[in-house]
Each structure stands twice: as structure tokens, then as C-alpha cells.
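So you can see what is in the structure, the chains are spelled out below.
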Amino acid sequence: MPSLPASYAECMSRDKVPLLLLISVFLVVLAVAASHGGAPENADTTWTFAVSGDSRNCGDFVMPAIAARVKAENDAFYWHLGDFRRMSSEDEDMIAMGTPGVPMSKAEYQQRAWDDFLTHQIAAFGSVPVFLGRGNHETVAPMTRDGYTAKFSVLLDRPEIAGQRKADGTDGAPLGPWYHWVHNGVDFITLDNATHEEFTSAQLHWLRSVLDRDLDPRSSVRTIIAGMHEALPHSTGAEHAMDDWDLGVRTGELVYRWMYDAQAAGKHVYIIASHSHYYSPNVFNTGYWKEHTSKVVPGWIVGTAGAHRYKLPIQADRASTTNVYGFLRGTVHPDGAIDFNFVELNEADLEKAKWGEAPDAAIHECFVGNHD
């Protein structure tokens, strides 16, 4: 295993088989097909992908609309950065689509919630690849990391991820919430900071080995993107991020510095998180990181896939916005540079993409309400 910098020393279900088999069919089709829609076959073209997180509360209404836009624009894939269902109490969309006058118990809701996510959110993407990150609401008791891995094993073992593990020589390692895959010279790294035990030494060792391969002079990787649920420390969203616990601050600072070093070495580097329910760019353009580094790493918070929407922090970039739903679209250019723009959805988008059992009144309430 590659040696780590000295700074590292300072840090420190249920399974529904029929539904997963259905998803497996989609994955087999993807593995056989040459490409999806407009997805490129080489790195000499411009191509796009979509990313956002936090689809609890009203995600059963918002995620189908995201899927419709992703499919219409031939985005290569959608990357979900966590918080699929609220878990602590029933989501408004599930209540609206349930049987009137027949409430669910908390235990029944928690038993059904992840299946609802697969049925009313992920299924909307059809054959479009979807990659998952784990959020803190995926850890609400009785949910566990092992339960998460078992429930979403098909998605965590997508052909792209399995192929990358084989290329890395780690195909014997157990599935887990952190992984990466390289697509046309871009390394997409999914990190797990859903609990206050993260970043663990195991995850940091793994990340360091991934970055070392990317930085090898023989590597074809031109671009590195780290996606995670909670933003790394000292961002403009620090009031609701890894700043909330001591280990998060120490290990999060280390990960940011590793990303900064990769940028200084000539790679295009980007960091994306969700957790806070608004859209905000330039999140590391803060006094702390401007003081400690010469050029901040570009970063975004995009928790806009259906969750109860928050007020913006006072230090947020002027281009930030809240009380919106949507996703971040990345446009990857042949040199590896990526342009990002926020794709906002309107109420008509939600109504057009809705499931048959979704009441218009509930969609309207989620659109005009569901915020601080």
C-alpha cells in the first residue's frame, strides 16, 4: 500500500429480490450495450453528467422530473449524494401516495422506505446509470451500513464499479459505500462521511491509493471529482457539514489538501456535496482556504432533489439559491475541464413526470411549501 503523507498521522435488510432483479436486468443491458444514449465512447468528445442529493420528503415527485431531464439531454449518468428517505418519520410524498385514512406505523414506514426510493425514484431513470452515495439519513436506526450495502448491492456493484475494482486489483474487497470509477479520463470518487466515524483510516488509505494512481505519470486520468454527502470543512456551508465533529474537521481538512495537491499537480479537480438543502457554488472560496492555499478547489453544495429546503447561510456565494429543486449538470470538455450549471425544475416539470398515483395537490404543496 502506498505510504501516506506525514499529515495523515495527525488525523485520526432487508432485501427485496424481485425489485433488485429488475434493476439487474437494466444493468446487464448496460454492460452489453456500447454506450447509453449520447454518452461518449472516447475522451475526444464533449459529454455531460448530472448530480445532486437529498431526495427525502418530496423526492418521489422531484426525482422523476430530474430523470426526465437527464434522459432528454442524454446525460451519461446521474450521481445521487445521499439522503434517499427521511427515515426518522414518514416522508410527505409517501403519505400523499398512500391509502387515505390508513397511516403507517413508524416500523412499517422504515421497512418500506428504501423500497419506495427504488420504486419511485431510481426506477424513473430506466436504463440510465445511477450511482449512489450514503447520507446521514441512511444511518437512522434501525438502518445500518451493512443493511445499506445489502439493499443497494446491485447499484454498488454496477459494471463500471466492478470493472474499476478489478482494474485497481481490489476486486476481492467487500462492497461498501465508498468507491470510484473512471469514465473518459474523469475519476469519479464517491466518499462516505455519513457518520461521525468518518473519515476512517481505512477510507483514507483507500482514497490515498486512488489519488496516487491518478497522479502517476502514466495515468490517463485528467480530472478528479470527489462527491460526498457532507461538505468538507471550512466551506460557506460550514454550519451543516464536516465541521460538526472533531474527526470530521481533521480528516476533512486532510482530504481537501489532497484534492488541492492534485489540482496543483495539474489535474482538473472538483468537489461536490449535498446535505444542505439549497444550491451553492464556490463553497470553498472562504477566508480559511484562501489563507491556507493559493488557489481554492472549485466546490458546490447541491441538496436540491426533494428535501425540506433551508435558508441560505449569510456567507453563501451570490449565485446561490434556495427554495428550488433541480440538479447540477457537468459538461466535460476534451481537455478534462468541466463547466457546471444548475438545472432548475418548475412545477410543470414535476407534474409532467409524476407517477400515476401522485396527487396534483401534493405536488403543488411540495413545490410551494417544503421549506423553512
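Structure: above.
Because the structure is predicted, anything quoted here is derived from the model rather than measured.

Novice: For this particular structure, what's the right way to read the nonpolar core?
Specialist: Burial of nonpolar side chains together is a common tendency in soluble globular proteins. If you look at the biggest cluster of nonpolar residues, it comprises 67 residues, and the most contacted ones within it are F49, I66 and I225. Broken down by element, this core gets its largest block of residues, seven residues, from helix 2 (residues 59–72). Counting 36 residues, the second largest nonpolar core, distinct from the first, contains I224, Y260, A262 and V269.

Novice: Just checking my understanding: could you explain helix 9 (residues 246–264) for this structure?
Specialist: Along an α-helix, a turn takes 3.6 residues, which lines up residues three or four apart on a common side. For helix 9, spanning 19 residues, the distance from its first C-alpha to its last is 27 Å, which sits close to the expected 27 Å at 1.5 Å a residue. One or two positions beyond helix 9, positive phi appears at G266, with a value near 110°.

Novice: Would you mind going over the sheet that holds strand 4 (residues 179–183) with me for this structure?
Specialist: Spatial ordering of the open sheet is given by 4-5-6-7-9-8, a layout of six strands whose pairing is mixed. Since the sheet does not close on itself, it has two edges, and those belong to strand 4 and strand 8 (279–281), each with one partner. Going from strand to strand, the sheet's axes swing by 15° on average, the running direction of each strand aside. Bridging between strand 4 and strand 5 (residues 186–190) involves five bridges; their strand directions are antiparallel. By the bridge assignment for strand 5, H180 is matched with I189. Packed onto the sheet, helix 9 meets strand 6 (223–227) and strand 7 (268–273) and runs at close to 150° relative to strand 7.

Novice: Sorry if this is basic, but what is going on with the side chain of S320 here?
Specialist: Relative to the assigned elements, S320 resides in the loop between strand 9 (299–302) and strand 10 (325–332). Judged by relative accessible area, which is 11%, S320 ranks as buried. Here S280 takes part through its side chain, which lies 2.6 Å from a polar atom of the side chain of S320. Within the structure, the side chain of S320 is placed 2.8 Å from the backbone oxygen of D317, a separation counted as a polar contact. Here S320 is in contact with Y279, S280, P281 and L312, once residues within four sequence places are set aside.

Novice: What should I look at first to understand the sheet that holds strand 3 (residues 130–132) in this one?
Specialist: Picture the strands of a sheet paired through backbone hydrogen bonds; they go either parallel or antiparallel. Strand order in the open sheet formed by five strands is 3-2-1-10-11, with mixed pairing between adjacent strands. The open sheet terminates on both sides in strands that have one partner only, identified here as strand 3 and strand 11 (338–345). Strand-to-strand, the axes of this sheet are offset by a mean angle of 25°, without reference to chain direction. Pairing of strand 2 (residues 78–80) with strand 3, which is carried by three bridges, proceeds in the parallel orientation. Its bridge partner being in strand 3, H80 is matched across the sheet by L132. Its contacts with the sheet place helix 2 against strand 1 (47–52), strand 2, strand 10 and strand 11, and it is angled at close to 25° to strand 10.

Thresholds, definitions, all that
Residues numbered from 1 in each chain as written. Predicted model: local features only at pLDDT ≥ 70, side-chain atom pairs only at ≥ 80, totals over all residues. Heavy atoms only, no water. Core = buried A, V, L, I, M, F, W, Y, C linked by side-chain atoms within 4.5 Å. Buried < 20%, exposed > 50% of the residue type's maximum accessible area, 1.4 Å probe, protein only. Helix = DSSP H or I, 4+ residues; strand = E, 2+ residues; numbered from the N terminus. Expected span 1.5 Å × (residues − 1). Pairing = 2+ DSSP bridges. Axes fitted to C-alpha atoms, helices over the stretch in contact; angles between N-to-C directions. Contact = heavy atoms within 4.5 Å. Polar contact = N/O pair within 3.5 Å; in protein donor to acceptor, adjacent residues only side chain to side chain.

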